[in-house]
Amino acid sequence: MNLRQKFSRVLPVVFLALLLFLPCEIANSGFSDIVGGVTGGALPGPVGSAAKAVIAIGKSFQDITPEQEYYIGRAVAANVVSKYPPSPNDRFNMYLNTLGQTLAQASDRPDTFGGYHFLMLDSPEINAFAAPGGLILVTRGMVQLCRTEDALAAVLSHEIAHIQGMHGLKSIKNSRLTTAFTIIGTEAAKSYGPAQLSKLTEVFEGSITDVTSTLMTSGYSRDLEQEADKGAVTILRRVGYDPGALVVMLTEMKKQLKPGGLDFAKTHPDPKDRIDYVKPLIGNASAKPSPPERQRRFEAVLINL
Amino acid sequence: MALTRIVLVLAFVLALAAATWSDSGMMSVQVKEAQLRSTPSFLGSVVGPVSYGERVETVQKQGDWIDVKSSKNLRGWIHQSALTSKQVVLSAGGQAKSAANDKEVALAGKGFNADVEAQYRKNNGRIDFASVDRMETVRISGDQMISFLDEGKVRPSEGGSK
């Protein structure tokens, strides 16, 4: 057999081997796809869809990259602080960030594009907002409702769980995302021409309105609130705070919130329903008293709030 | 000669397959900055940082944590929320290859970006971005977190995010 004949025999074998080998590679990428699925990050589509020709850059909120989520979150937070001025109490804001960023690290999504940051709003209303990507705003009224660090940790963990579940992004209308993904898909260059930039900004403005009005006016669905309560219980447990503090906090809210009020009462389900949902998750454990060291530092930061 | 051509084509196909194969263990950092830790836990001591777009080689996985080697030869655990299987292209005025590649490639700065925010700010002058900028400057280190938990007698029940 001459060399050429040998090759004509070997060639089909090599191609067969390659055919077997390449699907292996695709299957292997399942590892990363699982990762993307959990993070709800930039990965579109399920495992094995690699063969599908991808023209559209995305379809739903899950296709919003962490970087774009970051810009959405900044604008949403900017809108909230324009309505409720930030508290100038640096000492408290530092404490709030130490507590909040520690809790966020124990969540299922510790890494967002710009990280988690917390700020107290100078308002007596009882409210808290989670802007996409990790910007969490809590009113002074809400902080003053907390009797313990564990209770404040419960409030912050609930907000972190909203970010973990990308709940804010879910409120963006699909039609806006379709428009945005079409522009992104057709325009390859990093910097956009004036027409694209103006169209993208229009979609961006609309998206900010969708998220902001959900946070401030309409509220999330009951399912998403339950998901956030469940996430909060997990975070509290992992870090070592008392998950029973969430029930204490909800009970306190039930007492303080006026039905038909313009704050938390408007955007959240009845605290009683939430207590009924949370109690089985924590095994009906009653709230434990905080160690004196923890209680002392909490009371110290609340002075002159 | 035809044989040379076949050999060349074959070599090319094999090289391509090899490249794809070795790439399957590669992931990219999809956040501005993340930390590699010595153990798969949020309490693990920090080995060093990795930054946006950096490629890391995956070694093993445990729960939500991935053991990786960074391009700067650092080895440590990173939470999966910091990574994507796409290649993040930090385009210094560069171009995305084509839309068909978007499954594998994410072009940094695409879509809602700093330019869009600037335009939005121009259209909505009174919105308070300054407070948001200030808010983002507050960063708590891993050591600060550990002492905060210690001082408050907060005892993590698990090794962190699973």
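Every value quoted in this text rests on a predicted model; they were computed, and no experiment measured them.

What follows concerns the overall build of chain B. Each helix and strand counted, chain B has four helices and nine strands in total. When its helices and strands are written in sequence order, chain B yields α-β-β-β-β-β-β-β-β-β-α-α-α. Looking at chain B as a whole, 33% of its 162 residues qualify as buried. Taking contacts inside chain B between residues at least 6 apart in sequence as the whole, the part at least 24 apart equals 47%.

Across its full length, chain A holds 14 helices and three strands. Across chain A, the fraction of contacts at a sequence separation of at least 24, relative to all contacts at a separation of at least 6, is 71%.

At asparagine 304 of chain A, a residue that is not glycine, the phi angle is positive and equals roughly 55°. When you line up the elements, asparagine 304 of chain A lands in the segment after helix 14 (292-302). Its identity is not glycine, yet asparagine 73 of chain B carries a phi of approximately 70°, on the positive side. Considering the arrangement of structural elements, one finds asparagine 73 of chain B in the loop between strand 5 (65-70) and strand 6 (75-79).

Among the secondary structure elements, alanine 232 of chain A is positioned in helix 10 (residues 222-239). In this structure, alanine 232 of chain A is in contact with Ala154, Ser157, His158, Ala161 and Leu246 of chain A, ignoring residues within four places of it in sequence.

Moving on, we get to the packing of helix 11 (residues 244-256) of chain A against helix 13 (residues 271-281) of chain A. Residues and elements named next belong to chain A. One can describe the packing of helix 11 onto helix 13 by two numbers: an axis separation of 9 Å at closest approach and a directional angle of 165°. The orientation of helix 11 relative to helix 13 falls into the category roughly antiparallel. In the packing of helix 11 onto helix 13, the handedness of the crossing is left-handed. Contacts between helix 11 and helix 13 involve Leu246, Val247, Leu250, Thr251, Met253 and Lys254 on the former and, on the latter, Pro271, Lys272, Arg274, Ile275, Val278 and Lys279.

Per-residue confidence for chain B averages 84 on the pLDDT scale, and 76% of its residues sit at or above 70. Residue range residues 17-23 of chain B is modelled with pLDDT below 50. Its contacts to residues more than four positions away, or to other chains, number five contacts.

Per-residue confidence for chain A gives a mean pLDDT of 83, with 79% of residues at or over 70. Note on residues 14-55 of chain A: pLDDT is under 50 here. Beyond four places in sequence and across chains, it has 57 contacts.

As a further point, take the pairing of strand 4 (residues 55-62) of chain B. Residues and elements named next belong to chain B. As judged from the three bridges shared by strand 1 (residues 26-29) and strand 4, these two strands associate in the antiparallel manner. Its bridge partner lying in strand 4, methionine 27 is registered against valine 56. Note that strand 4 and strand 5 share six bridges and pair antiparallel. Bridging across to strand 5, valine 56 finds its partner in serine 70. Counting the residues that bridge the hairpin from strand 4 to strand 5 gives two residues, and of these glycine 63 lies at a positive phi of roughly 60°.

On the secondary structure map, aspartate 64 of chain B appears in the loop between strand 4 and strand 5. Note: C-alpha distance between aspartate 64 of chain B and leucine 107 of chain B (43 residues apart in sequence) is 25 Å.

Cut-offs and rules
Residues numbered from 1 in each chain as written. Chains lettered and ligands numbered in written order. Predicted model: local features only at pLDDT ≥ 70, side-chain atom pairs only at ≥ 80, totals over all residues. Helix = DSSP H or I, 4+ residues; strand = E, 2+ residues; numbered from the N terminus. Buried ≥ 20, exposed ≤ 12 C-beta atoms within 10 Å, placed from the backbone. Contact = placed C-beta atoms within 7 Å. Axes fitted to C-alpha atoms, helices over the stretch in contact; angles between N-to-C directions. Parallel < 35°, antiparallel > 145°, perpendicular 65-115°, else oblique. Left-handed = near helix turned anticlockwise from the far one by under 90°. pLDDT = per-residue confidence, 0-100. Pairing = 2+ DSSP bridges.

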